[in-house]
Structures are given as structure tokens and as C-alpha cells.
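# Summary of the model geometry
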Amino acid sequence: MRTFIAAAILAIVSTSALYAQSPAADWQTVETEHFRIHYPREYGEWSLRVASHIESIRAAVATEVGFSPAQKIDILIANPVAAPNGSAWPLLDSPRMIFYAEPPGPEEQLGEYGHWIDLLAVHEVTHTVHMLRPSRNTLSRILEKTVLPLNPITLRAPRWVLEGYATVVEGRLTGAGRPSSTMRAIILRQWALNGRMPSYSQLNSDRRFLGMSMAYLVGSAYLEWLEQHRGAGSLQKVWTRLTAREKRTFDGAFAGVFGESPERLYGRFVAELTASAVSIDRARSEASGALFQETTRSSGDPDISPDGKQIAVVLRPREKPPRLVIWSTGDAAEEEKKFSERLQRILKRDPEDVAPVREKPLPRKAVHELTMPDGGDIREPRWTRDGRSVIFAHRQPDADGFLHFDLFKWTPAVDEVTRLTNLADVSQPDPLPDGRTAVAVRSRFGASQLVKVDLADGSVTDVTEPSIDVVYAHPRASPDGTRAAVIIHRDGAWQPVIRELTNGSEYTLTLPPRTDASAIEWLANDSLVATLSSGGFAELHRLSISGDPLPLTRTRGGAFWPAPSPDGRTFFMSLEPDGYVLRVLPAGAPTSAPVSFANRASLVPALPPEPPAATPFAAQAFGTPHPYGVGKQEWSWFAGQNFAPDHHATEIGIRLGDFAGRLDTIAIASIASKDAPDGFALATAWRGWPVDVLLHAFTSNRRLTLPGGERVKDDDRGAELRGSWSRMSALHRFTIDAGLLTSDARDLGFVDARAGAHQLRGSLRADEELRVEADSGDATHYRIAAAASLKAGSLRFGARAQHDHISDGSLALGGLASSIVPRSGYYTKVLDPALPAGTLHGDTYNGWRVDAVLPVVPLTAFYQRHELSSERVSLAGAEVAVSVPPNPILKSPAFDMTLGVARILDAPLEGDTKWWLGLRWRP
């Protein structure tokens, strides 16, 4: 239970989802003095790079934080969602981390780094070391060892402190990362200039655009500001006070070091930041590019059609799935005409009314638009050279549900989408003039490379060798198709490189020192435009094969993703507090001279601080990798209560399992009263093969109350052996379970097949599921159930129907499932926790249910009707139901929970109100 409680708390601390690669992967383990690193064999090169540097990183972090933990830490290497990330889970008895191998691109918040592995490891190791410092309070130490294995920093420090501090250390030790990045400076300036800085109470979980990132960006800047005012080492004093024998809140520990509450000092920090931002804005004055269309959040990836008449842009609103739209690049004549006609009607009806001030362009009507059926993101759309189709990248799940980038082609005129590759891990495509090939980037197993993709058969050909030390981004084929411009990360910088596609020779374009490039585009065969980032500003520059970069813009929110048009205009994205907006630089716009600042240090963090020298992380020896096997078995305990009509039980259990989730075992005892079963169960699941194998042995002792009041025995003992096979696609999921149950009461074989699907239509999501069960023993039983739901935002409507038949008439309605009885042990039961077990009996069951989830209200309201043989019972109520898979990272078994209340509408219990709480554990 203490790990279960810790899981809930840590879910708030970390924003990373708990993903891992399949337990059936070919897992390997390598050990160092303080770490065990677990990885699928294909990630060997990336993982051994981690192993060689992780001890040096740990030593540097421990020196910076002022604490060196004794625990050995488990690290799991994965790439389940094709996105850069990581997480730390500082359980005092078994700390662990997850590293995602996908490297960030140059335009991301994490885009400035020396080596992705070092940046990721420093940040997550800082989390772990920081939050493993034990309390010096005796009672707290006892509770840490027996109830909740989390230290006072984890429990009391707000999220902005935890994430902000790890970000501070990431910058200090790597000499890169977010603290000295251009992106942090731009975001802080823009939010301050617009009066949109988060309040102190919003720092942890501001839900506005980039709000969750503010814990990292603003949190790190605020902590740096505090330490500048109080002196080096002041942050370490806060951690020491938080873990002291004298118990303190975070505010108390903070005020004892900085002399004021964190909220009051934050207000002063924001005031100084705003003053710096205004000073910088006045010095630069000019804002380049007119607003072409206001978009929101992370919208972007614009590309102009070859004839210059249309622009493709990905819109990513908050409440709707991403969609690819095509707008005209000409005047919005139709929109202006409709607006003018509507305004004339308004003023004609009321001549005293006042026409609105127009400072922004009207929303444009899409010529074409595309939303993928699975609702996933669309990345970097690029027009084919004939202007008929758009090639883009979109993530697709493999059979285990882990995501990979693939290429798709959309032909807007006929609204046809074709999948070009299959789990190829390729993205960022750019079609060549031949119409048959595209250059693209493949990112697989933590390694990056430049490739060519055949647009007819989807085959992928290497252009460069895969590398974990070099990262490729934004390849763009030249107008004549002989060369590719690509942004390459090596030696700690993003450099624009021209590569000959015929012979592989490369030429690196010259940039000023400490300047990074991103999103490069060709203007002609000998000139390009790209975003160059330096000194806290990101602007468009004209590049040539020879000669210095020529600045084109001077913006407040940066100039990203240039999209040059044949008519000389250049479209680009610029950052505003509500998201990126689409701007356009007119043809022939004068160049913008850069502005220098004499006293840059006084303007930090509105400008980036001078980056410190990177700490050298020396490679060190490590152990020989070996097969993971069943892994290190770890134990935890859990408990739950079950209350329902005539069902009261307390369940206590122990979980034993490994870090990757291959072998998961629970032993659980039930102490019950009324009609609930007493007993014991031992259940284990092996997930190291393509088919999961589950064994559940049990003994159950129950006393049932018959309708006349007589109490009878219903004891049973036996075992269930079950095999489970699942496969996923973008829109479907299939699961087949089959097995045997042998017990004192019955022997039977069973099969359970489930098929689910979902699809999107605009902002609506439809989900369907069909389930067929059959089992045969002393009697033959089958069950067919179908369910469907429709969801729009937080509003959801659902319906479910079920039909059962059993040959011996032993079907029974009512009751709540117990953790000690295997699922097949309920084959003769139609469970409903609002009804006592055995409310109705018969051989044929028909039931249906309708339910709704309303906005804001976290409950599902439902109406349920049961018919068993010739009798029926209906009820209406509300419930909360969740099903959580096993979580080996936090040593938690799977569980199903339901909490609800219902009013019985038919005899024999008409008018009764029943409530229930059910918690069923599974390995």
C-alpha cells in the first residue's frame, strides 16, 4: 500500500506517462557501481553510452546538490512514444528512472544540448539525488521505511521547485539545456511583455499554453534569481532545512534561507523580469512581419505550394484533435466581403452602433482540411513538386501499442490519404523533384540518420549511417534535386550543412560563434533561409553557399519555420502567449540589423545567462551486459476494502515483481462477512512471451443467504490457467483470452474474444467494442456484449447491451467481484455491485445500459435494466469506475475500482438506495 500511495503522489510530481517497451522484448541488463540499466537489445549502443557516463554524472550531481545517496538506482531505457522525455521515481527503498532515447529537434525547448544522453541523465539524476535525501526526523524516518517511501522534499516541495531545480542543475553541469537557451529567454520575455506571467499559484500546473512547462522555465529562472541574491549554496540550505529534525513546511524552510515567503519574492522577480523585457523591447523596437493569421498553441509547420497560391499549416487547438488545413495565400476577399455585409446589416438595424476596431485579420476559411481518424498529430507537411499532394509524418502504433513515425500522402482534391511506410520510424520528409523519392530523417533505437524514402513502395534507403552522437533535422532538397540542406547537431551545436545527394560530400555553412540553426529552406539553388538562434533571439536569416548570414527579421516572439513563397514573401511562425501565430514578411523587406546590449548580465533571465563551462563527464568502466531474465524481484504490499449489498471484505496482499514487468505475482487474503468470500489466492502473470500466461490458484469459503434466509456453504478451491494475446493498430485493438478452470465446484474451458475500435469525426470521437465469451463444463454458457460511446470534449454518452445463456439455468444476477476468485470463476454470474448476489436466477439474460459523463462533474450517470428469464430489475445511479494496468515502475499490481450509488426501481428491492466500493486486484 505504501508504494500504491507513493504512485499517486508521484503521478502529481511527474508529468511523464508511465510507459515502457514490451516485457516480451529481448531485455538486457548492465550494471555500474550505483546503477542497473535495463534495455531492449536494439538499444544497446545508446544504453552502453549511458552506462559509460552515468557514474561521472552522478558524482557531479551529488557535488552540486550536496548529497550522495547510497541506494542503487534502476534505469529503464525505452522509446514508446517517439518523443524525447524522461522521468524519475525517487522511492527511497527502490529508486528508478526512465530514459526515452528519442533526441529533441533544434526548435524544441530541450533543443540546446551538448549530448542528449548527458542532458537527460543530468536532469533525471538530479531529481533522484535531490529527492533521496532522507529526513533526519525520527518519526519521519520510521514512516519512510514502513508507510510511505518518500522524503520530505518530494512530499512538501511544490512541482515548480522540483522541476525548476533539476533544470538549474542541467544547465550548470552541461553548459547548455534550458537555462541558457534562446527559447527560455523568448518565452519569459513574451509572457512578461504581455502581462501573462503565471501567478505563483499557477507555477505548478498552469493549464494555459506552455503552462505545464513553466515549472521548468520560470521555476529555474526564479531559483537562479534567488541564489544570485542570497549567494551560492543557498538552495542547498533549503533542502537541508526541509529534511531537518525540526519538521517544516516548504514555505518555512524557504523563508529561513531567503527571509521572505516564496510567493512575495516571486512577485519581485516577475517585476524585475518585466522591466528587463520592456527595456529589451524598446531597444530593438522593430517588429518584422505582418500577422497573416492568428493560430493557437503549438500550431505551425507551414509550407507553401509550388505555385505560391496555397499554404499548408497544422492547427493544434486545445480541445480538438490536430488538423492540417490549406488556406489561400491571397487576399481574404470572400471573408472580407461576408464581414462587411454582416457589419452593414448590424449598422443598418442600429445606426448608433459602433463598428469594431480591426487590428487582426479575419479567420480564413480552409480550402481543404484533414484530421487523421485516430486523432493523432500531423508533422511537417510538405507539398509534392507537382502541387497535387502533401506528404507528412504521423505516429502509428505497433502491435504492442508503442508509437513509430510513418509517412502519409494526402491528395486534397479527392480527400484521399495513403500510408506510404509501415513502422519505418521516418519523419520530416521533403519530396524530390523526381516525384518518386523523398529525403527524410529516421530516428530508431536512439540513433539518427538521413534516409531516402521511395514514395511508391515505402522502402527506405540509408543516406548516412545511424548515429547516437549526430542528430539530423529538417532535410530539404534543392530546387534541382542534386543537394539537400539539412540541420545537423554535432559538437554541441546545430549546423546547416549542404550535402550532395550524388556523391555524399558535405559543406557546412559558416555561422557566427554560439549560433544554432533550425528549419532551413531553399530560396534558389544557391541561397537559403533559416532560423538562427543566438543570444536569446531567433530570427530569419538569408544564407548563401559563401558569405555571412544576412538577418531578415527582428521580432518579439522569434521567427520559426520559414515558408518562402515564389512571389518573394516569406511566411513564418512567431510565438505569442496563446501560441504560435502565422506571420508574413513581404517581398523586398529590408534587412534588420541586430541590436547589441552592453550590460547583458543585468537583463538575465530576459536574456540568457552566460553559459558555464560544461562539466567533463569522463567515460568509466562498467560491467558486462547480460540477459535480463526475470529481473530483480521486488516486493510491495497493498490493501483494499470492498463494500456492497451483502458483501463486506477486507483484502490484504503482497506483490512480487520485476522492474520491466515480465513476472508479476500477488498473494492476497480476503477477510469477509455476509456473502463475500473468505480465502486466499496466489496469482502470477508471465509477460515475457508474445502470449501472456496467467496462473491463479485460490481457495474460497463463502456462506450464502438464500431467499428464505437459510445460510448455505459455497466453498471452492482450484486454479485457472489463462493465455492472453493482444494486438493493436491505429484504430483497433484485438484481445483473445483462452484457458482452463479446474476447481472443486466445476471444471471448464473458456475463450474470451474482444474487439475494439475508435474513430474521429471532427471534434467527435466514437468508440465501439464487441465481446464474445464462451465456456463449457458441466453446463455450456455464452455471452455477447456490445458497447458504443460518443465523446465531444468532456461530454460523453454511452450504451451497452449484453445477452447470456446457460444450459442448466444457473445464471445469477448481482454481487461484487472478489480479488481471490479468478475471472472465470464468475462465468455463471452477471455482476452488478448495486444488487445483492443472487437477486435473480435463470438461464437467459438480457440487459442494457445507457450512461453519460457531463462536463465538470467527475461521475458517470447511468440507467441499467436487467432481465433474467421472466423477471426484471432496473436501477439508476452514478458511479466512478477506473481500470489501471499493472505498474512495475511503482511496484503496483493492476486493479479495477468502482465507487457508486444507485436507486433500485423494481421489486423486490424497489425504492432501496444502495452504494458500493469495489477494489479488485490483478497481477
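Below is a short write-up of the structure. (Residues numbered from 1 in each chain as written. Predicted model: local features only at pLDDT ≥ 70, side-chain atom pairs only at ≥ 80, totals over all residues. Heavy atoms only, no water.)

## A closer look at the pairing of strand β41 (residues 764–776)
Where strand β40 (residues 747–761) meets β41, 13 bridges bridge the pair, whose relative direction is antiparallel. Bridge pairing in β41 places Arg761 opposite Leu764. Hairpin connection from β40 to β41: two residues lie between these consecutive antiparallel strands, with Gly762 at a positive phi of about 65°. Relative to strand β42 (residues 780–792), β41 runs antiparallel, the two being bridged by 13 bridges. Paired with Ala774 across the two strands is Tyr782, which belongs to β42. The turn linking β41 back onto β42 is made up of three residues. (Pairing = 2+ DSSP bridges. Helix = DSSP H or I, 4+ residues; strand = E, 2+ residues; numbered from the N terminus.)

## Here's the deal with the packing of aromatic side chains
Counting across every chain of the model gives 27 aromatic pairs. For the pair Trp160 and Tyr200, a centre-to-centre distance of 5.9 Å together with 75° between the ring planes defines the contact as edge-to-face. With Trp160 in helix α6 (residues 159–174) and Tyr200 in the loop between α7 (182–193) and α8 (214–230), the pair connects residues that are 40 residues apart, well separated along the chain. Taking the relative accessible area as the measure of exposure, Tyr200 reaches 16% and is therefore buried. An aromatic cluster of at least three residues, connected via ring pairs, comprises Trp160, Tyr200, Tyr222, Trp225, Phe250, Phe254, Phe258, Tyr266 and Phe269. We note Arg358 situated over the ring of Phe339; from NZ or CZ to the ring centre the distance is 4.9 Å. (Phe/Tyr/Trp six-rings, centres within 6.5 Å; stacked < 30°, edge-to-face > 60°. Buried < 20%, exposed > 50% of the residue type's maximum accessible area, 1.4 Å probe, protein only. Lys NZ or Arg CZ within 6 Å of the ring centre and 35° of its normal.)

## Re a nonpolar patch on the surface
Together, Val691, Trp725, Phe734, Ile736 and Val751 make up an exposed nonpolar region whose accessible area comes to about 390 Å². You can call Val751 partly exposed: its relative accessible area is 37%. (Patch = residues over 30% accessible without salt bridge, like charges linked within 9 Å, V, L, I, M, F, W, Y side chains within 5 Å. Areas by Shrake-Rupley, 256 points an atom, 1.4 Å probe, with all protein chains shown as cover. Salt bridge = Lys/Arg side-chain N within 4 Å of Asp/Glu carboxyl O.)

## Some remarks on the side chain of Arg184
By secondary structure assignment, the location of Arg184 is in helix α7. At 3.0 Å, the side chain of Arg184 forms a polar contact with the side chain of Glu224. When neighbours within four sequence positions are excluded, Arg184 is seen to be in contact with Arg178, Pro179, Leu217, Ser220, Ala221, Glu224, Pro605 and Pro609. (Polar contact = N/O pair within 3.5 Å; in protein donor to acceptor, adjacent residues only side chain to side chain. Contact = heavy atoms within 4.5 Å.)

## Examining the nonpolar core
Grouped together as the largest cluster of nonpolar side chains are 120 residues, with contacts concentrated most on Ile37 and Trp46. Here this core gets nine residues from one element, more than from any other, and that element is α8. Residues in contact with Trp46, not counting those within four places in the same chain, are Ile77, Phe99, Tyr100, Ala101, Trp116, Ile117, Leu120, Phe445, Gly446 and Ile468. (Core = buried A, V, L, I, M, F, W, Y, C linked by side-chain atoms within 4.5 Å.)

## A short note on unusual backbone geometry
Most peptide bonds take the trans configuration, and most residues that are not glycine carry a negative phi. Cis geometry marks the peptide bond from Val604 to Pro605, where omega comes out at 10°. Inspection of the secondary structure puts Pro605 in the loop between β29 (579–585) and β30 (626–627). Here Ala907 and Pro908 are connected by a cis peptide whose omega angle stands at 10°. One can find Pro908 in the loop between β50 (894–904) and β51 (913–922).

## A look at the packing of helix α9 (residues 234–242) against helix α10 (residues 250–258)
Contact geometry for α9 and α10: axes closest at 9 Å, N-to-C directions at 140°. Viewed along their axes, α9 and α10 adopt a mutual orientation that is oblique. The two elements α9 and α10 meet at a crossing, and its hand is right-handed. Residues Ser234, Leu235, Lys237, Val238, Arg241 and Leu242 of α9 touch α10, and the partners they reach there are Phe250, Gly252, Ala253, Phe254, Gly256, Val257 and Phe258. Partitioning the contact of α9 with α10 into residue classes produces eight nonpolar, three polar and two charged. (Axes fitted to C-alpha atoms, helices over the stretch in contact; angles between N-to-C directions. Parallel < 35°, antiparallel > 145°, perpendicular 65-115°, else oblique. Left-handed = near helix turned anticlockwise from the far one by under 90°. Nonpolar A, V, L, I, M, F, W, Y, C, P; charged D, E, K, R; others polar.)

## Topic: the sheet that holds strand β21 (residues 493–500)
In spatial order, the strands read β19-β20-β21-β22; together these four strands make up an open sheet with antiparallel pairing. Either end of the sheet is taken by a strand with one partner, and the two such strands are β19 (471–477) and β22 (506–508). Across the sheet, the mean angle separating the axes of adjacent strands is 25° when strand polarity is ignored. In the sheet, β19 pairs with strand β20 (residues 483–490) via five bridges, with the strands oriented antiparallel. If you follow Ala477 over to β20, its bridge partner there is Ala484.

## Observations regarding helix α3 (residues 116–130)
Under the 1.5 Å per step criterion, the end-to-end length of α3 is 21 Å for 15 residues, consistent within 8% with the ideal 21 Å. Most of α3 sits inside the fold, with 15 of its 15 residues counted as buried. (Expected span 1.5 Å × (residues − 1).)

## Examining the pattern of salt bridges
According to the stated counting rule, one finds 55 salt bridges in the structure shown. Between Arg208 and Asp206 there is a salt bridge, with its nearest N and O atoms 2.9 Å apart. In this structure, Arg823 and Asp737 form a salt bridge, with 3.4 Å as the shortest nitrogen-oxygen distance. Here Asp737 lies in strand β39 (residues 732–743) and Arg823 lies in the loop between β44 (811–813) and β45 (829–830), a separation of 86 residues in the sequence.

Distances and angles like these do not, on their own, reveal function.
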